[in-house]
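Coordinate analysis (summary)
Chain by chain, the residues:
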Amino acid sequence: MAYKDLYAGWKADPEGFWMQAAAAIDWDRAPSRAHFDQGPAGEWFADGLVNTCWNAVDRHVEAGRGDQPAIIHDSPITGTTASITYRALRDRVASLAGALRDRGVGKGDRVIIYMPMVPEALEAMLACTRIGAIHSVVFGGFAAHELAVRIDDARPRAIIAASCGLEPGRVVPYKPLLDAAIEGARHKPEFCVILQRDQQPAQLVPGRDFAWDSIQKGVTPADCLPVEGNHPAYVLYTSGTTGQPKGVIRHTAGHLVALAWSMRNIYAIEAGDVFWAASDVGWVVGHSYICYGPLIAGATTIVFEGKPVGTPDAGTFWRVIEDHKAKSFFTAPTAIRAVKREDPKGDFIRRHDLSCLQAVFLAGERADPDTIQWLEDRLHLPVIDHWWQTETGWAIAANPLGIEALPVRKGSPSVPMPGYDVQVLDEAGHPVAPGTLGAIAVRLPLPPGTLPSLWNAEDRFRASYLAHFPGFYETGDAGYVDEDGYLYIMARTDDVINVAGHRLSTGAMEEVLSGHPAVAECAVIGVADSLKGQMPVGFLCLKKGVDTPDAQVVREVVQRVRDQIGPVAAFKLACVVDRLPKTRSGKILRATMVKIADGEEFRMPATIDDPAILDEIATALRGLGYPQG
Ligand code: COA
Ligand code: AMP
């Protein structure tokens, strides 16, 4: 069936469409219907009973795939590869789940997972969903304070962590960060499970910390516990406009149905195929397409502990694809830009047999046409941009390879997927004409697998996503649609920026800068960067009478952001200015500052208090090397 017919079929009968998709899942009790008009934005398959881990692991063993690799771990940083079959995965997960259960973790309890790219991270996630516990994975590049904020919001009964992570050329000790986070948090977990890694084993706190292996000694493996379709499988925190991250809730049944549908229809992956998403379990891509999606599909997933370049070189991606026969490869455009910068001619690509590969999928930020072209010219394969968010959990717009490979239009993530009625709206909420820029919104209800609300924050959910355009979900992205229905995602409408495919909040960084005793006020903006897409730049106005040299204040705020948010914020550029450009009502003109930094034309804001300040900002930016080139 062609995409157009499929999309029209969904529109004509959404209930029938999703009930049919639900047939891909093993239910302990089949749902009576697909959509339930309940909760702030609707729910899916709410009266079904189902278990995520059963669908991702056990059922494939029952179906005769026990000896097939479920997970391949490839770590160019340690120089090792390992493979775990579906049968071994089931046994390992059941054992860990049994250990958690024996220590009192049950249905609805939260478990925070703070781990690097090792198979045990996926095992920890699956062990939680096996017993109905709700996991919340925290990205390893976040510092202790960010972890503490999540501990206080999720209130976990347990935390599962590794002793360390590995970045090129350095070991990142996770355990001291974990200890500091628990120390700083108001909520205290009852116990921690620590995976000891050879590179840096951790000191365990007696009575609180248990080693991964020892806690499982003599344990009776846990069975899969069926849960209601609207039971949360996980909470994943993502950046909003403030320092308080948003806890995106993922309900069990919709997640299973949507991911199963997407694996087949978007990524064209079937049981037995090898799928590789080179992201991190700490991000939504890692949840959906390193852990759950490929496993629900009965495919083999690759867990990659390395970087696109430097581990050891710009040929790593192609080596991994060849070695493990990956059929589809998913990464962020920034990673390809990093490869292209080191290997502009693509010499490494030619050294590998990539005949196994059918397509490359890009997401996390806008895929710039140059990057797509560069890859297409060298791989001679479809290079597919697709657009989605932590909130949606799977693609809003894509080129659905499993249905029909639509012509690629570079700069566009192609067309809306079934379930998403995407509209481009003006400020008053009216649809705009094709080609006109507007706010991108999705008519409610959102499809299965998307967020039903925010953890502990239903009011914030309504205010952030539902209030602006009644009847719609506001994506926070702006863009336009062309005459043929292709979407173009151009910018965020809020203070969220995207640095190397990582979603970050400038508001959160401003909170950290404001905490410096010398800083009177500040602004952080995201400026265009040829490698990372965007980079944060801070502007600081110092308090009267401060005699600390500017350079020292800058050094100190850079260190503060690294210590409080984490290295992933990549906050390295800041400058001291006398004043910030503001409107007469006192609003900082961040958008105008971004335009100056990016070397774009801008109209002088009519409400600006003092236009001369913009010259000072431009001078400061030039001092930092912006606009680039
Ligand atoms: N644990 C600890 N530290 C981490 C980390 C982790 N899991 N991940 C990143 N960091 C650190 C890095 O070591 C770096 O530290 P440094 O400032 O001391 O150099 C810092 O955080 C910034 O990291 P990053 O922005 O990733 O920059 P980089 O220079 O190390 O690498 C790229 C640049 C483009 C190669 C890399 O960002 C990349 O592969 N991006 C793809 C991202 C992606 O897949 N996103 C998921 C969406 S699909
Ligand atoms: P995250 O929640 O971390 O996945 O980030 C989601 C945000 O990243 C989106 O709201 C967009 O701003 C941006 N984004 C992700 N994928 C794309 C894409 N393919 N094109 C443009 N922007 C994207």
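Because the structure is predicted, anything quoted here is derived from the model rather than measured.

Overview of the layout of surface pockets
- Computed from the structure, the second largest pocket encloses a volume of approximately 480 Å³.
- Along the wall of the second largest pocket there are 21 residues; nearest its centre are Ala-21, Ala-24, Ala-260, Trp-261 and Arg-264.
- Secondary-structure elements contributing two or more residues to the lining of the second largest pocket are helix 2 (14-21), helix 3 (52-65) and helix 8 (252-265).
- The element contributing the most residues to the lining of the second largest pocket is helix 8, with six residues.
- In terms of residue class, the lining of the second largest pocket is made up of 13 nonpolar, four polar and four charged.

Comments concerning the UniProt feature "domain: AMP-dependent synthetase/ligase" (unreviewed entry) in the protein
- Sites flagged by UniProt as "domain: AMP-dependent synthetase/ligase" (unreviewed entry) map to residues 63-444.
- Structurally, residues 63-444 is divided into 30% helix and 24% strand, and its ends, taken at the C-alpha atoms, are 37 Å apart.

Overview of the sheet that holds strand 24 (residues 438-443)
- Ordered by their spatial adjacency, four strands build an open sheet running 23-24-25-26, and the pairing between neighbours is antiparallel. The open sheet has two edge strands with one neighbour each: strand 23 (422-425) and strand 26 (487-492). The sheet shows a mean angle of 50° between the axes of neighbouring strands, taken without regard to direction.

With respect to helix 18 (residues 612-623)
- With 12 residues, helix 18 ought to run about 16 Å at 1.5 Å a step, and its terminal C-alpha atoms sit 18 Å apart, in line with that.
- Burial in helix 18 covers these residues: Ile-613, Leu-614, Ile-617, Ala-618, Ala-620 and Leu-621. Along helix 18, the residues classed as buried sweep out an arc of 165° about the axis, all on the same side. Seen from the buried face of helix 18, the exposed residues on the opposite side, beyond 90 degrees, are Asp-615, Arg-622 and Gly-623.
- Those residues of helix 18 hidden inside the fold are in contact with strand 30 (533-542), strand 31 (573-576) and helix 17 (590-597).
- Where helix 18 ends, the next residue or the one after it, Gly-625, has phi of about 95°, a positive value.

A word on the site of ligand 1
- Lining the immediate environment of ligand 1, one finds 23 residues, of which Glu-167, Arg-170, Lys-532, Arg-562 and Lys-572 sit closest.
- Within the backbone of Gly-140, an N or O atom sits 3.4 Å from a nitrogen atom of ligand 1.
- Note that an oxygen atom of ligand 1 is positioned 2.6 Å from one of the side-chain N or O atoms of Arg-170.
- In the complex, 84% of the free accessible area of ligand 1, which totals 930 Å², lies under the protein chains.
- Considering only residue class, the shell around ligand 1 consists of 11 nonpolar, six polar and six charged.

Quick word on the side chain of Asp-343
- Residue position: Asp-343 is located in the loop between helix 11 (333-342) and helix 12 (347-350).
- Salt bridges are absent for the buried Asp-343, whose nearest opposite-charge side chain, Arg-351, sits at 6.4 Å.
- Side-chain polar atoms of Asp-343 contact the backbone nitrogen of Asp-347, separated by 2.9 Å.

Digging into the pairing of strand 24
- Counting buried positions along strand 24 gives five out of six residues, so the element sits mostly inside the fold.
- Alignment of strand 24 against strand 25 (residues 472-481), held across five bridges, turns out to be antiparallel. Residue pairing for strand 25: Val-442 is matched across the bridge by Tyr-473.

A short note on the packing of helix 6 (residues 144-154) against helix 7 (residues 174-184)
- Two elements in contact, helix 6 and helix 7, have axes separated by 8 Å at closest approach and are oriented at 50°. What the angle tells us is that helix 6 and helix 7 run oblique. Every pair of crossing elements has a handedness; the one defined by helix 6 and helix 7 is right-handed. Only Leu-177, Leu-178, Ala-180, Ala-181, Ile-182 and Gly-184 of helix 7 make contact with helix 6, whose side of the interface consists of Ala-144, Leu-147, Ala-148 and Ile-151.
- Here the contact of helix 6 with helix 7 is composed, by residue class, of nine nonpolar, one polar and no charged.

A word on the sheet that holds strand 16 (residues 274-277)
- Read from one edge of the open sheet, seven strands run 5-4-17-16-18-19-20, paired in mixed fashion. Unpaired on one side and paired on the other, strand 5 (80-85) and strand 20 (383-385) mark the two borders of the sheet. With strand direction ignored, the average angle separating the axes of adjacent strands in the sheet is 20°.
- Pairing of strand 4 (residues 69-75) with strand 5, which is carried by six bridges, proceeds in the antiparallel orientation. Directly across from Ser-75, in strand 5, lies its bridge partner Thr-80.

A word on the site of ligand 2
- Around ligand 2 sit 15 residues in total, of which Asp-385, His-386, Thr-390, Asp-477 and Arg-503 are the nearest.
- Between His-386 and ligand 2, the recorded distance is 2.7 Å, taken from a backbone N or O atom to a nitrogen atom.
- One of the side-chain N or O atoms of Asp-477 is found 2.6 Å from an oxygen atom in ligand 2.
- Here ligand 2 has 490 Å² of accessible area as a free molecule, and 92% of this is covered by the chains.
- Taken together, the residues of the shell around ligand 2 break down into four nonpolar, five polar and six charged.

Re the UniProt feature "domain: AMP-binding enzyme C-terminal" (unreviewed entry) in the protein
- UniProt annotation of "domain: AMP-binding enzyme C-terminal" (unreviewed entry) refers to residues 509-587 when read in the numbering used here.
- Counting secondary structure, residues 509-587 comes out at 27% helix and 32% strand; the distance between its end C-alpha atoms is 18 Å.

Topic: the nonpolar core
- In this structure, Trp-18, Met-115, Leu-126, Trp-261, Tyr-289, Phe-330 and Trp-394 are the most contacted members of the largest nonpolar core, which totals 120 residues.
- With residues up to four places along the chain from it excluded, the contact list for Tyr-289 reads Leu-259, Ser-262, Met-263, Tyr-267, Phe-275, Ala-277, Pro-294, Thr-301, Phe-330, Trp-388, Gly-393 and Trp-394.
- Ranked by size, the runner-up nonpolar core spans 73 residues in total, among them Ile-159, Trp-283, Val-512 and Val-577.

Digging into the environment of Asp-353
- With respect to the helices and strands, Asp-353 occurs in the loop between helix 12 and strand 19 (359-362).
- Sequence separation between Asp-353 and Ile-321 is 32 residues, and the spatial gap between their C-alpha atoms is 8.7 Å.
- Among the polar contacts made by the side chain of Asp-353, one reaches the side chain of Ser-355 at a distance of 2.7 Å.

Points about the pattern of salt bridges
- Evaluation of the coordinates by the stated rule reveals 37 salt bridges.
- Glu-190 is the partner of Arg-157 in a salt bridge, and the nearest nitrogen-oxygen pair spans 3.1 Å. One end of the pair, Arg-157, is in the loop between helix 6 and strand 8 (158-162); the other, Glu-190, is in the loop between helix 7 and strand 11 (191-195), and 33 residues separate them in sequence.
- According to the relative accessible area criterion, Arg-157 is partly exposed, its value standing at 27%.
- Residue classification places Glu-190 among the partly exposed positions, given a relative accessible area of 47%.
- For Asp-484, the salt bridge goes to Arg-409, with nearest N and O atoms at 2.9 Å. One end of the pair, Asp-484, is in the loop between strand 25 and strand 26; the other, Arg-409, is in the loop between strand 21 (397-398) and strand 22 (415-416), and 75 residues separate them in sequence.
- The class of Arg-409 is partly exposed, set by a relative accessible area of 29%.
- Three or more residues are tied together by salt bridges with common partners; here these are Lys-175, Asp-179, Arg-208 and Asp-209.

About the criteria used
- Residues numbered from 1 in each chain as written.
- Chains lettered and ligands numbered in written order.
- Predicted model: local features only at pLDDT ≥ 70, side-chain atom pairs only at ≥ 80, totals over all residues.
- Heavy atoms only, no water.
- 1 Å grid on protein atoms, 1.4 Å probe; cavity = no way out; pocket = protein on both sides within 12 Å on 5 of 7 lines; lining within 4 Å.
- Points joined across faces, edges and corners; volume = space filled by probe spheres on them.
- Helix = DSSP H or I, 4+ residues; strand = E, 2+ residues; numbered from the N terminus.
- Nonpolar A, V, L, I, M, F, W, Y, C, P; charged D, E, K, R; others polar.
- UniProt positions renumbered as here; feature names shortened; annotations may be inferred.
- Pairing = 2+ DSSP bridges.
- Axes fitted to C-alpha atoms, helices over the stretch in contact; angles between N-to-C directions.
- Expected span 1.5 Å × (residues − 1).
- Buried < 20%, exposed > 50% of the residue type's maximum accessible area, 1.4 Å probe, protein only.
- Arc of directions from axis to C-beta.
- Contact = heavy atoms within 4.5 Å.
- Near = heavy atom within 4 Å.
- Polar contact = N/O pair within 3.5 Å; in protein donor to acceptor, adjacent residues only side chain to side chain.
- Areas by Shrake-Rupley, 256 points an atom, 1.4 Å probe, with all protein chains shown as cover.
- Lys, Arg positive; Asp, Glu negative; His and termini not counted.
- Salt bridge = Lys/Arg side-chain N within 4 Å of Asp/Glu carboxyl O.
- Parallel < 35°, antiparallel > 145°, perpendicular 65-115°, else oblique.
- Left-handed = near helix turned anticlockwise from the far one by under 90°.
- Core = buried A, V, L, I, M, F, W, Y, C linked by side-chain atoms within 4.5 Å.

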